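This is what each chain is made of:
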Amino acid sequence: MQSTEPVAVPFVASLGMAEAAAALYPDSRTDSFSWEGPRWWWAGALDVEALVLDSYQFLSSMLGPNAAFTSSDAAATFNSLAHLRIDGRTPQSFAPLSGFRRTNDGWVRLHANYPHHERALMRGLRLRDARGLDATLSSLSAQEAETTITQAGGIAAAVRRREEFLATPAGGALAAEPLVNLQWHDTPGPRRASPVGSDPTSLPLAGLRIVDLTRVIAGPCAGRILASLGADVLRIDPPDFPELLDAHIDTSFGKRSVVADLSASDVAQQLHAALDQADAVLLGYRTGSLDRFGLASDELLERYPHLAVLELNAWGHSGPRRSIRGFDSIVQAATGISVAYGTGDDPAAPDFTPGALPVQALDHATGVMVAATAIGILRHRVDGRSARARFSLARTAHELLSLPTPPASATQRQSAVELRDTDSAFGALRYVPPALRWGGRRLNYLTPPPPVGSSAFTWR
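Residues numbered from 1 in each chain as written. Predicted model: local features only at pLDDT ≥ 70, side-chain atom pairs only at ≥ 80, totals over all residues. Heavy atoms only, no water.

Engineer: Please provide a residue-by-residue account of the overall build of the protein, values included.
Structural biologist: Across its full length, the protein carries 17 helices and 17 strands. Taken against the 2.2 N^0.38 rule, which gives 23 Å for 460 residues, the C-alpha radius of gyration of the protein at 21 Å falls within 12% of a compact globule. Summarising its shape, the C-alpha atoms of the protein cover approximately 65 × 55 × 45 Å along the three principal directions. By the burial criterion, 59% of the 460 residues in the protein qualify as buried. (Helix = DSSP H or I, 4+ residues; strand = E, 2+ residues; numbered from the N terminus. Rg over C-alpha atoms; globule rule 2.2 N^0.38 Å. Buried < 20%, exposed > 50% of the residue type's maximum accessible area, 1.4 Å probe, protein only.)

Engineer: An account of the sheet that holds strand β3 (residues 85-86) is requested, with residue identities and associated values reported.
Structural biologist: Taken together, the three strands give an open sheet; going across it, the order is β3-β15-β14, and neighbouring strands pair in antiparallel fashion. Either end of the sheet is taken by a strand with one partner, and the two such strands are β3 and β14 (420-422). Relative to strand β15 (residues 429-431), β3 runs antiparallel, the two sharing two bridges. Across the sheet, residue R85 finds its bridge partner in β15, namely R430. (Pairing = 2+ DSSP bridges.)

Engineer: Requested: an account of the packing of helix α2 (residues 48-63) against helix α16 (residues 361-378), with residues and values cited.
Structural biologist: Two measures define how a pair of helices packs: the angle their axes make with one another and the distance between the axes. Running from amino to carboxyl end, α2 crosses α16 at an angle of 15°, the nearest separation of the two axes being 8 Å. Relative to α16, α2 is oriented roughly parallel. Of the two possible hands of crossing, α2 and α16 adopt the one that is left-handed. Here α2 contributes V48, L51, S55, Y56, F58, L59, M62 and L63 to the contact with α16, which in turn contributes A361, A365, V368, M369, A371, A372, T373, I375 and G376. Grouping the amino acids of the contact of α2 with α16 by side-chain chemistry returns 14 nonpolar, three polar and no charged. (Axes fitted to C-alpha atoms, helices over the stretch in contact; angles between N-to-C directions. Parallel < 35°, antiparallel > 145°, perpendicular 65-115°, else oblique. Left-handed = near helix turned anticlockwise from the far one by under 90°. Contact = heavy atoms within 4.5 Å. Nonpolar A, V, L, I, M, F, W, Y, C, P; charged D, E, K, R; others polar.)

Engineer: Would you mind going over unusual backbone geometry in detail, with residue names and values included?
Structural biologist: For A43, which is not glycine, the phi dihedral falls at a positive 50°. Structurally, A43 can be placed in the loop between β1 (35-36) and α2. Even without being a glycine, D87 presents a positive backbone phi close to 50°. When you line up the elements, D87 lands in the loop between β3 and β4 (99-102). Residue D87 is classed as exposed on the basis of its relative accessible area of 56%.

Engineer: If you had to explain the packing of aromatic side chains to someone new, which residues and values would you point to?
Structural biologist: By convention here, two paired aromatic rings are described through the distance between centres and the angle between planes. Throughout the structure, instances matching the rule amount to seven aromatic pairs. Ring geometry for Y56 and F69: centres 5.5 Å apart, planes at 45°, overall tilted. With a gap of 13 residues between them, Y56 in helix α2 and F69 in strand β2 (residues 67-70) connect regions that are remote in the sequence. F69 carries the same exposure label as Y56, and that label is buried. Connected via pairs of aromatic rings, a cluster forms that spans Y56, F69 and F78. The side chain of R109 reaches across the aromatic face of F94, ending 5.2 Å from its centre. Directly above the ring of F100 sits R109, whose terminal nitrogen or CZ lies 4.5 Å from the centroid. (Phe/Tyr/Trp six-rings, centres within 6.5 Å; stacked < 30°, edge-to-face > 60°. Lys NZ or Arg CZ within 6 Å of the ring centre and 35° of its normal.)

Function cannot be read off these values alone, since they describe shape.
Here it is in C-alpha cells:
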C-alpha cells in the first residue's frame, strides 16, 4: 500500500504504520504524539521500542484526541503474560521442548507448547520420547530438521540470517507485501454513522460486535484491546484443540467464550447468524484451515459485505509459506532476528548462540495493529465502504528489521508496572490493565476472563 494521503500522525520510525494510518484516517490529529515517557528501555540490537510506540500511536490515532498512553504502560502490555499471576502462580511461557536446539550445521528453533504440536514433532523425527531429541537433531542440518518437522505438522524453523531469508521465495514475496494490506469495497444499503464514539465519558466502541476466530497471542490480543474499548467480543474455540489455559486467561479479559464444533451444521449456522449481526471478524488460524466452514475471507466478504475482515497469519499471504504454521518465536528464528540477538552473526560458527527479542513483540505489535485497523475501517461506514486487511507476523518482523538500530546512547531502564487485581473463575488474578487512557483515565477491562465455553452465540 502506498498512500496518496499525507501522513497524518507522527510516528517514531515505522513507515508501514504511518502509511496505514494515513490511508485509514487522514483526518487524525497532526500536532503531536499520543504518548509520553521514556523512548528507550530494552535498548537491544533492534528498535523493539519503536514497534511498541508506533503500534499504540497507530491505535490511539484511530480513536482520536481522547486517546493517549505512556510508553511504560504500553511496554507492560507487550509482556502481559509474564506479569500475570493466577492465584499467585506464574504462567508458563514455553514448554520444555520449545526452544533452540543444535543441528549439525547450526541451530533450529522448535515450538511444542501445544500437545498436538509436540506429538507432531516426535512423529516427524520418529522418536518415542524426548530423550533422543538432541541426538537426532545433531545428525540433521537445520534445513533438514525444519523440513522434516514441518512436513509432519510440527513447528520448527532453521535459524537464518536476514539476507538468507530474504533470498528465499518466501522472503522475497514477504518483502513485497505491505505491512497492512488494505482492500476496500463498497457496502450495499444506506450509509450508517461511524460506530466509533468520541464522548470522553463513555467507551468509544460500545455497541460494536466482534467475532474473534483467533488463537495464541496476536489475534486474541487484538480482541482484548477492542473489548477494553467497549466492544462485545465473542472468542470462539474448537473443542478438540483448546487454547492453552494460561494464554486464554491472559488474552480473554473483557470477552465472552464460545466452544463450537463447526463441523456440526447447526453450530455453523449459529456462527453465521452471529456474523450476520457482527461489525468485524478477526481471523487468525492457519491460512485455509477455516475454508471448509465457509470462513475463507473471500467468502466472508461476499456473504457479509458490511463486515470489516481482519486476517492474520504467520508467514504472509502471497509466498510459498503462507499456509504453514508459525509462531512469534519461530518467525524470529527464520527471519534473522535470532541472529541479530545472538552471539555473533554466523549461525554455523561453533561459538554462536542464537537469541530472542525481550518480549513476544511480533505478536503484540501485530495485535495492536489489527485492533487499530479494525477501528479505522469501521470509521468508513459513513462513506459506505468496508475492507479486508491482512497482516502477518513475518511482515511485522520485516518491519522491525528495517528500522534504524538503536543509537549507542540508548540505555536500558526499568519502569514500575501498574498491576490490578480481580477475582475470576480461575482464582485471584493480578494483571496488567490496558495501556490506553480514554478521556484522561486509564482503561480497565470490563470483566475478568470467562470460563472456557461459558457463552452462547448471542450478542448482548
